[in-house]
Amino acid sequence: MDRISEDRVSATPAARQLLDEIIAEHGPVLFHQSGGCCDGSSPMCYPRGDFIIGDHDVLLGQIGETPFYIGAAQYEVWKHTDLTIDAVNGRGGMFSLDNGRERRFLVRSDICAIP
């Protein structure tokens, strides 16, 4: 069963447009943010059936019908943060569906009120 945080993820119009293009080409997708170095520090976009969600991944929220997961270790660091997914010029992560489109997804963050 997915562990879910309050919905703490949103997307800019540019990110939604890029996401719509990817979904039109590949079908339903998901995001995963691992917090690792290099590609892992970017939100990765995968076909929904191609990425296995781990027992320690947290469902941070959804962008429309697209779930956004974050690794448990990264969630502990960012649990008081609202994330906004944006799209900017550049190359996506090597295995992410935004790669090769000359636009990539980028995470922007704001600190939430800490209870």
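Residues numbered from 1 in each chain as written. Predicted model: local features only at pLDDT ≥ 70, side-chain atom pairs only at ≥ 80, totals over all residues. Heavy atoms only, no water.

**Some remarks on the side chain of D86**
Here D86 lies in strand β7 (residues 81–89). Polar side-chain contacts of D86 include one of 2.9 Å to the side chain of R108. In this structure D86 touches T12, A14, A15, R104, F105, L106 and R108, once residues within four positions along its chain are discounted. (Helix = DSSP H or I, 4+ residues; strand = E, 2+ residues; numbered from the N terminus. Polar contact = N/O pair within 3.5 Å; in protein donor to acceptor, adjacent residues only side chain to side chain. Contact = heavy atoms within 4.5 Å.)

**Observations regarding the pattern of salt bridges**
The final tally for this structure, using the stated rule, is five salt bridges. As a salt-bridge pair, E21 and R103 come within 2.4 Å of each other at their nearest N and O atoms. With E21 in helix α1 (residues 13–26) and R103 in strand β8 (residues 103–111), this pair connects stretches of sequence that are 82 residues apart. Given the relative accessible area of 29%, E21 is considered partly exposed. Salt-bridge contacts for E76 lead to K79; the nearest nitrogen and oxygen are separated by 3.0 Å. (Salt bridge = Lys/Arg side-chain N within 4 Å of Asp/Glu carboxyl O. Buried < 20%, exposed > 50% of the residue type's maximum accessible area, 1.4 Å probe, protein only.)

**What to know about the confidence of the model for the protein**
Residue-level pLDDT values for the protein average 84, and 85% of them are 70 or greater. Looking at the elements of the protein, mean pLDDT is at its lowest for strand β1 (residues 3–4), recorded as 48, and at its highest for α1, recorded as 96. (pLDDT = per-residue confidence, 0-100.)

**Let's talk about the sheet that holds β7**
Ordered in space as β2-β7-β8, the three strands form an open sheet in which the pairing is mixed. Taken across any chain shown, the strands that pair with only one partner, and hence form the sheet edges, are β2 (9–11) and β8. Ignoring strand direction, the axes of neighbouring strands in this sheet form an average angle of 25 degrees. Bridge analysis of β7 against β8 gives nine bridges, and the strand direction is antiparallel. Residue pairing across strands places T81 opposite I111, the latter belonging to β8. Relative to β8, α1 is tilted by about 140 degrees, and along the sheet it contacts β2, β7 and β8. (Pairing = 2+ DSSP bridges. Axes fitted to C-alpha atoms, helices over the stretch in contact; angles between N-to-C directions.)

**Some remarks on the pairing of strand β3 (residues 29–33)**
Of all five residues making up β3, five are buried, and the element is well covered by its neighbours. Of the two faces of β3, the one holding V29, F31 and Q33 and the one holding L30 and H32 are both buried throughout. By the bridge criterion, four bridges tie β3 to strand β4 (residues 44–47) in an arrangement that is antiparallel. Of the residues in β4, the one forming a bridge with L30 is Y46.

**Looking at the environment of D82**
Among the structural elements, D82 can be located in strand β7. When the C-alpha atoms of D82 and D110 are compared, they prove to be 5.2 Å apart, with 28 residues separating the residues in sequence.

**Re the environment of A72**
Positionally, A72 belongs in helix α2 (residues 72–78). Looking at A72, the relative accessible area reads 21%, which means it is partly exposed. Along the chain, A72 and S34 lie 38 residues apart, while their C-alpha atoms are 8.2 Å from each other.

**Considerations on unusual backbone geometry**
Note: most residues except glycine have negative phi, and most peptide bonds are trans. Although it is not a glycine, E102 sits at a positive phi angle of roughly 60 degrees. Topologically, E102 is positioned in the loop between β7 and β8. The class of E102 is partly exposed, set by a relative accessible area of 46%.

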